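Each chain, written out:
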Amino acid sequence: MKTNPFCFAILAMLCVVASAVAAEPRRPNILFILVDDQSPFDLKIYDPKSPLQTPVLDRLAAQGMTFDGAYHMGSFSGAVCSPSRHMIMSGRTVWHLPNAPGAMKTGLCPPELEQNTIPAVFNRAGYATMRTCKMGNSYEAANKLFTVRHDAGKRGGTDESGSAWHAEQVLTYLDERQAGRTTDPFLIYFGFSHPHDTRDGKPELLDKYGAVNHADRQTLPPANPQAPPLPRNYLPAHPFHHGHPNLRDEVAVSGVWERRDEITIRNELGREFACCENIDIQIGRVLKKLDAMGELDNTYVFYTADHGIAIGRHGLPGNHNLYDHTWRVPFIAKGPGIPPGSRVQGNIYLLDVLGTLCDLAGIPQPETNEGLSFRPVLEGKQDTVRDVLFGVYCGGTKPGIRSVKKGDWKLIKYDVMDGQVRETQLFNLAENPDELLLQHGAPDVLGLTGNRPDKHQVNLAADPRYAEQLAELEALLLAEMRRLDDPYRLWNQPDDGLQPPSAEPAAKKAKKTGKTKP
C-alpha cells in the first residue's frame, strides 16, 4: 500500500500545529481579595503579638510575598473607601478620579473612564470576570461591567448575613465554570463587607475573642479578660482635634459611639477580630475549591484592604487619619514566579493594582492608568517601585491632613478647623514604628497599655537635631502636592494661586453637612 505524500504532509502539519497549541502557556487566573477596613497590624504577619488567628492568610504569606509598604493614597471624602476603590479600579491618582472635586470639569479625569477599568480591560482581553463585594461607596460605573456580579451589604453575624455569603457567590461561580467546562481565564474580584462596622461577629468567634455584639448606647459591654489587649499606641483621646466635626466614625459607630474607654475599645477589637477570622475561613473555602479544580497553581492570589483602621489607636476609632495603622494596608501576593516566603518593602499604592494585573496577564495597560506595575517586585527583581509616598485626608475641614514618607522618615501635617489646628508630626519609623507621641508616656496610659516608650519615641518635629529631615520632607510634600494636582495648600506652603473647589469656610460647611456615611 502506497502512502499519499499529500496526506502525509497534511498530517505532519496538523501535528506541528497541535504541538504548538499544546506548548502555548495558559493565561493566568486572578483572584483579587479585598476586605473593608483592616489595619495591617491586626495580622500576625505584621504584628506577631496580635491575638488574631488567620491560618489561611499565614499560609498564603508563607507561600508568597508580604509587602511591608502598601498604601492607599487617601481621600477627599469622609467615605474613605470610595476614592480608594475608585483608585483600585482605575489606576488613577486621588485627585484624578471621576468623583474627585472638580476633576471632570477641569479635565483632570478623562470622560468614560469606566471603559478603562479592571473589568472593562479584562473583558476585552477575553477574561471571564466575576465580582462579589459590598454595596455602595464604590465605583458603580465600573462595578456593573463585571460579567457576573453579586454585590450586597453583608455585615451580620450569621452565614447568610455575613462573610460566608460572599464566599458562596464565588463558590457557585466556580461550580458553574466547572460544570460548563469553561476554559477562559478568570478574574474574580472577591470582596467582603466586613470587618467594617457594624462588626457583628458569629457567636463562637465572638466568644473566642471575649466580645459581644454590643448595641446599647447607654451601657458598657461586659468586661472580659479574653478580649484583645489595648494596642501599644492606644490613647483615650487624640491630643488635638482630628479636623472633621460630627464625623460619623467619631460619634456614631454602633458599639463605640464617642467612647474610648478600655472596655469599649477591647470589645470592639474583639468584634473586629471575630469578623477577620471569619473572613480567613471563607477565603480558605475558595482556595480549597480552586485547588480541587486544578486551578490554584495557575492563579495569582492577592489579599489586601481598601484602607486601614484605628479602633483606639491614637485615640481614634476610624479611618480618617494618616497614621500607619490607617494609611497602610495589608498586602499579600501568591502566584507563578513569586518567591515563596518572601518579604519586600514594595512602596506600592492600591492604584498600582490595575497596571500590575495587566502586566501579569500580558494585557496592554490602558493609557489612562497612572499606577506603576510592581511585577518586578513580585518576581524578586527589585524591592520597591518608588521612593516617596504621599497621603491625604481632607474629607472634613480644609485643607485637611497630608503625609509624606521617604525611607524611615515620615511627616504628617494637620491644617484643620479653619486654621485653629495646625500641627506637624515627624517620625522615624525605624525607631518609633507605632508613631508614639508624648501622650503615650502619661501614667494613666502606661497603666492601661503596659507599653513604656523610649525617650526618642515621640514626635520629633520640634527637635532641632532633626531640622534637616523635617525640611527635606516639607519640600517633598509640597512637590508631591504639586505633582498630583492637590487643589489645597497648607498654612506654611505657597498658595500657588490655587482656587480650591469650595470657597465656603470649611468648619461651617462641615457643621451643615453633619455626619458622613460609612
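An account of the accompanying structure is given in this report. Not measured: the values here are computed from a predicted model. (Residues numbered from 1 in each chain as written. Predicted model: local features only at pLDDT ≥ 70, side-chain atom pairs only at ≥ 80, totals over all residues. Heavy atoms only, no water.)

Some remarks on the overall build of the protein
Consideration 1: Within the protein one finds 16 helices and 15 strands.
Consideration 2: A compact globule built from 518 residues would reach a C-alpha radius of gyration of about 24 Å, and the protein, at 24 Å, matches this within 12%.
Consideration 3: Seen along its three principal axes, the alpha-carbon backbone of the protein occupies a region of about 100 × 55 × 45 Å.
Consideration 4: For the protein, buried positions account for 59% of its 518 residues.
Consideration 5: Put simply, of all contacts in the protein between residues at least 6 apart along the chain, 70% involve residues at least 24 apart.
Consideration 6: Averaged over its 57 positive side-chain charges, the protein has a centre that lies 2 Å from the centre of its 62 negative ones. (Helix = DSSP H or I, 4+ residues; strand = E, 2+ residues; numbered from the N terminus. Rg over C-alpha atoms; globule rule 2.2 N^0.38 Å. Buried < 20%, exposed > 50% of the residue type's maximum accessible area, 1.4 Å probe, protein only. Contact = heavy atoms within 4.5 Å. Lys, Arg positive; Asp, Glu negative; His and termini not counted. Charge placed at Lys NZ, Arg CZ, Asp CG, Glu CD.)

Considerations on helix α7 (residues 163–179)
Consideration 1: The first and last C-alpha atoms of α7 sit 25 Å apart over 17 residues, in line with the 24 Å expected at 1.5 Å per residue.
Consideration 2: Turning to α7, its buried residues are Ser163, Ala164, Trp165, His166, Ala167, Gln169, Val170, Leu171, Tyr173, Leu174 and Arg177.
Consideration 3: Buried residues belonging to α7 abut β5 (128–133), β6 (148–151), β7 (186–195) and α10 (262–292).
Consideration 4: Looking one or two residues beyond α7, the residue adopting positive phi is Arg181, at roughly 50 degrees. (Expected span 1.5 Å × (residues − 1).)

Observations regarding the side chain of Asn143
Consideration 1: Turning to its location among the elements, Asn143 is positioned in helix α6 (residues 140–143).
Consideration 2: Owing to a relative accessible area of 2%, Asn143 belongs among the buried residues under this scheme.
Consideration 3: Ignoring any residue separated from it by four or fewer positions in sequence, one finds Asn143 in contact with Met89, Arg131, Ser138 and Arg149.

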